[in-house]
Amino acid sequence: MAESCYLDELNESQRKAVLYNDGPMLVIAGAGSGKTRVLTYKIAYLLDHGYEPWSVLALTFTNKAAREMKERIARQVGINRARYLWMGTFHSIFSRILRMEAEKIGFTSSFTIYDSADSKSLIKAIVKELQLDDKVYKPGMIQSRISNAKNHLVSPQAYAASAEMREADKAAKIPLAGDIYLRYCERCRQGNAMDFDDLLVYTYRLFREHPDVCKGYAAKFRYVLVDEYQDTNYAQHCIVLQLTQEHRRICVVGDDAQSIYSFRGANIDNILNFTRQYKDALLFKLEQNYRSTQTIVKAANSLIEKNRQQIQKNVFSENDKGEPIPVSCAYSDVEEGEIVANKIVELHRRGGYAYHDCAVLYRTNAQSRIFEEALRRKGIPYQVYGGLSFYQRKEIKDVIAYFRLAVNPNDEEAFKRVINYPARGIGDTTLNKLVDAATKQHVSLWEVLNEPLAYGLSLNKGTAAKLQAFRDLIAGFVSGAPEKDAYTLGQDIVRRSGIINDIYQDRTPENLSRQENIEELISGIHDFCSDREEEGDSHILLADYLSEVSLLTDQDGEKDDNVSKVTLMTIHSAKGLEFPNVFVVGMEEGLFPGISADNPRSLEEERRLFYVAITRAESHCYLSYAKSRFRYGKMEFGNPSRFLRDIDTKFLCLPAGEQLARQVEIGAGRFRKEIAGGFRRPEVRSYDTGGPSMFDGGEMPQEPHRFVAPRKLRKIDSSSVPASSSVGQMSGDSLEGKHIEHERFGRGVVEKVEGAGDNRKATVRFENAGVKQLLLKFARFKVCE
Ligand SMILES: Nc1ncnc2c1ncn2[C@@H]1O[C@H](COP(=O)(O)OP(=O)(O)OP(=O)(O)O)[C@@H](O)[C@H]1O
Ligand SMILES: [Mg+2]
């Protein structure tokens, strides 16, 4: 797209913010005023003005946001340039840098990333080893203390040396918290593993301890951009400072009214201090909201005004006036689900909205179940983001633990998880011996396993043989890791580890669902490899796959399969997103604001969270609350949230309209039935029309079994599509302009075909998946006649 053309898509203030590129700058503006748009257009502008894509670093809050931004930029400057941008979350960008520089800080490039459950389990083990009481030294609490220290760049040594920390620990009756922190760090290092916070800590340390490396990156990144700056924490802020010393070209955008992550160490002061740190920084303000109706914007303004701490802003909309926001009151949580599901049906049937135009936002993950059930009953497809996500399920974690060992056998948590799964007669006593030896000698469990005698382990013959068998099994995977492609090795591991035998033993519903999940995982690896091959990479390793999945966040959700679905997510995850229709549910005291919001500071943060929720809506926003709710195993009776009273009533529709009132009646009947029949919670988290199972009927696979991708469309070859539409037989020119249907990305148009032979590739604009470049050799699409 020509430059003048895209600059015309900005208003005057936005254009100024895009065109100023001579020094540090800060854009502070209300929700929906185009902050992210400014970043996106600025990057396109930089690329058009001499910046190489690899010299631009853009940091976003979620992987999804990064992907969307990249697609948008690709539309403006072409995918060839957009793909080389350094764009992603803090964690994904830093893990990329750390993998390249790992040796300098005492890790290897194949380090694994511990998720929150891994960290907690390690802390639990340490508490036990130190013979402390885990009712006093609660692993969750210790974990958040360690995380907090890391996000403030407080090392274990500094922690131990700090009188303030010691006093605080003493007051909390956990004087040895600092020792746990120290041991925790040592153990992660021995396991060649980092937790999420370490990705920040070690990047900071890498740059501080190796000024030449820091200088190199600071010189490389000629421009640094940060979205959602209000939610960066101290460590992130410091790294951004390190990276911008050289060129001092930095643009951050944010909204203090949307700062909602203080519990994770985000510090609103970063935004306020920016002009102190970058003295010559220019401040830009954007005031026009392009997202929402006037009513929604005014309602949100009237709410946030009730917060004392905020930078004054005047946010207005020139969109349609819009309707007042309906507030509905349900008798129960189940009925609230009914009301929302009914309204979604209506929006779909009468309003012409697709399901993906609707989102249900709640305060806590636990609330999703009710809405899942209501939507399932109506046959409405939905997708839940966050909560117990696919990758947190037991069987998936088991398989992934084997994958992790194949890539990094020193990984302690993965080791402990699978040493006796599937059961191979290695009990806790033996494991404890291994752990003791490893801790004493400061080595990993894997090292002890390799030479048990050298580390003084006394084992009987039988146990020694079992350990040897486990060692050989893992060693086999390790030797395959650098050679075999991810899909082949993944299948090998699932089979040879004994997991398949274990979960295909019987056809209990639990096992059937596990089987499906493992099939889904393997086909996910297949898709991952195919996508990367299509994009021109070859020989995709398990390590590549792992580094991607270990960075998935709540917002990434499960696999995207082009089915239009209602989104279900927490408000935290919805930050930065927008939907035509938004349902903010569970507006009750004790839930939103939550019971822990018992002081003005956290109450203001909860109010900002509500502000974020309302401002996700474009055309319609619906608020609801339930008079009774099943929580903590019992029925609770609640009052409407005080936040409802914070909104000027002239923007609300109280009581709800006729249509909703009628649904209340229907729902009430259903509610009584539910009470009589007891509460049933569904197991399935994502729902659509479903697909065939790989093992069809869950039978034991016969060796040698080859997993096949369960998609309806398979890789295009002359046998799977009519010859006339096979990609292989069409000349490059004749593909251009053709409508195609891709196995994963759905429908699209071929814009360009270039290259020759094996490198021949097509640029395709997909209806729902943006612009992609696909190597025709691997392309999995068919041409629509
Ligand atoms: N000048 C404009 N003309 C037309 N549409 C615009 C303009 N500026 C922004 N928009 C649209 O308004 C919506 C909100 O923009 P954007 O997401 O960039 O806002 P934001 O300030 O980043 O919001 P949030 O605070 O929620 O992150 C988007 O759909 C965007 O495309
Ligand atoms: Mg934004």
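If you're wondering where the values come from, they're calculated on a predicted model, not measured in any experiment.

A.B. asks: Tell me about the site of ligand 1, residues and numbers included.
C.D. replies: Taken together, 19 residues sit near ligand 1, with Lys35, Thr36, Arg37, Glu578 and Arg616 positioned nearest. Measuring from a nitrogen atom of ligand 1, one finds a backbone N or O atom of Glu9 at 3.3 Å. In this structure, Gln14 approaches ligand 1 through a side-chain N or O atom, which is 2.8 Å from a nitrogen atom. Notes on ligand 1: free accessible area 630 Å², of which the protein chains cover 83%. In terms of residues, the shell around ligand 1 owes the most to one element, helix H3 (residues 35-48), which gives three residues. Grouping the amino acids of the shell around ligand 1 by side-chain chemistry returns three nonpolar, nine polar and seven charged.

A.B. asks: Break down the packing of helix H12 (residues 196-209) against helix H13 (residues 211-220) for me, with residues and values.
C.D. replies: The contact between H12 and H13 brings their axes to 5 Å, and the two run at 105°. Compared by their axis directions, H12 and H13 come out roughly perpendicular. On H13, the residues touching Leu206, Phe207, Arg208 and Glu209 of H12 are Pro211, Val213, Cys214 and Tyr217. Residues that form the contact of H12 with H13 fall into these classes: six nonpolar, no polar and two charged.

A.B. asks: Describe in detail the sheet that holds strand E20 (residues 739-742), supporting the description with residues and values.
C.D. replies: Ordered by their spatial adjacency, five strands build an open sheet running E23-E22-E21-E20-E24, and the pairing between neighbours is antiparallel. Whereas interior strands pair on both sides, the edge strands pair on one side only; in this sheet they are strand E23 (770-775) and strand E24 (781-783). Averaged over neighbouring strand pairs, the angle between their axes works out to 35° when direction is ignored. Strand direction decides the pairing type here: strand E21 (residues 746-754) and strand E22 (residues 761-766), joined by six bridges, are antiparallel. Among the inter-strand pairings, Gly748 is bridged to a residue of E22, identified as Phe766.

A.B. asks: Hey, could you go over the pattern of salt bridges for me, with residue numbers and the actual values?
C.D. replies: One pass over the full model with this rule turns up 44 salt bridges. A salt bridge links Glu412 to Lys416; the nearest nitrogen and oxygen atoms lie 3.0 Å apart. In this pair, Glu412 and Lys416 both sit in helix H20 (residues 412-418), four residues apart, roughly one turn of the helix. Of the two residues, Glu412 and Lys416, both sit in the buried class.

A.B. asks: Kindly report on the UniProt feature "binding site: ATP" (unreviewed entry) in the chain, identifying the contributing residues and their values.
C.D. replies: In this numbering, the UniProt entry assigns the feature "binding site: ATP" (unreviewed entry) to Ala29, Gly30, Ala31, Gly32, Ser33, Gly34, Lys35 and Thr36. Looking at Ala29, the relative accessible area reads 0%, which means it is buried. Dropping the residues within four chain positions of it, Ala29 is found in contact with Lys35, Gly254, Asp255, Leu286 and Lys313. In this structure, Gly32 sits in the loop between strand E1 (25-29) and H3.

A.B. asks: Could you give an account of the sheet that holds strand E6 (residues 223-226), naming the residues involved and the relevant values?
C.D. replies: The sheet built from six strands is open, its strands ordered E3-E2-E6-E7-E1-E8 with parallel pairing. Both outer strands of the open sheet, strand E3 (86-89) and strand E8 (282-286), are each paired with one neighbouring strand and no more. Along the sheet, successive strands turn relative to each other by an average axial angle of 15°, direction set aside. Bridge analysis of strand E2 (residues 56-60) against E6 gives four bridges, and the strand direction is parallel. Across the sheet, Leu57 pairs through a bridge with Val224, a residue of E6.

A.B. asks: Now, about the environment of Gln312: what can you tell me, with residues and values included?
C.D. replies: The residue Gln312 is located in the loop between helix H16 (294-304) and strand E10 (316-317) in this model. Owing to a relative accessible area of 60%, Gln312 belongs among the exposed residues under this scheme.

Reading the values: the criteria
Residues numbered from 1 in each chain as written. Chains lettered and ligands numbered in written order. Predicted model: local features only at pLDDT ≥ 70, side-chain atom pairs only at ≥ 80, totals over all residues. Heavy atoms only, no water. Near = heavy atom within 4 Å. Polar contact = N/O pair within 3.5 Å; in protein donor to acceptor, adjacent residues only side chain to side chain. Areas by Shrake-Rupley, 256 points an atom, 1.4 Å probe, with all protein chains shown as cover. Helix = DSSP H or I, 4+ residues; strand = E, 2+ residues; numbered from the N terminus. Nonpolar A, V, L, I, M, F, W, Y, C, P; charged D, E, K, R; others polar. Axes fitted to C-alpha atoms, helices over the stretch in contact; angles between N-to-C directions. Parallel < 35°, antiparallel > 145°, perpendicular 65-115°, else oblique. Contact = heavy atoms within 4.5 Å. Pairing = 2+ DSSP bridges. Salt bridge = Lys/Arg side-chain N within 4 Å of Asp/Glu carboxyl O. Buried < 20%, exposed > 50% of the residue type's maximum accessible area, 1.4 Å probe, protein only. UniProt positions renumbered as here; feature names shortened; annotations may be inferred.

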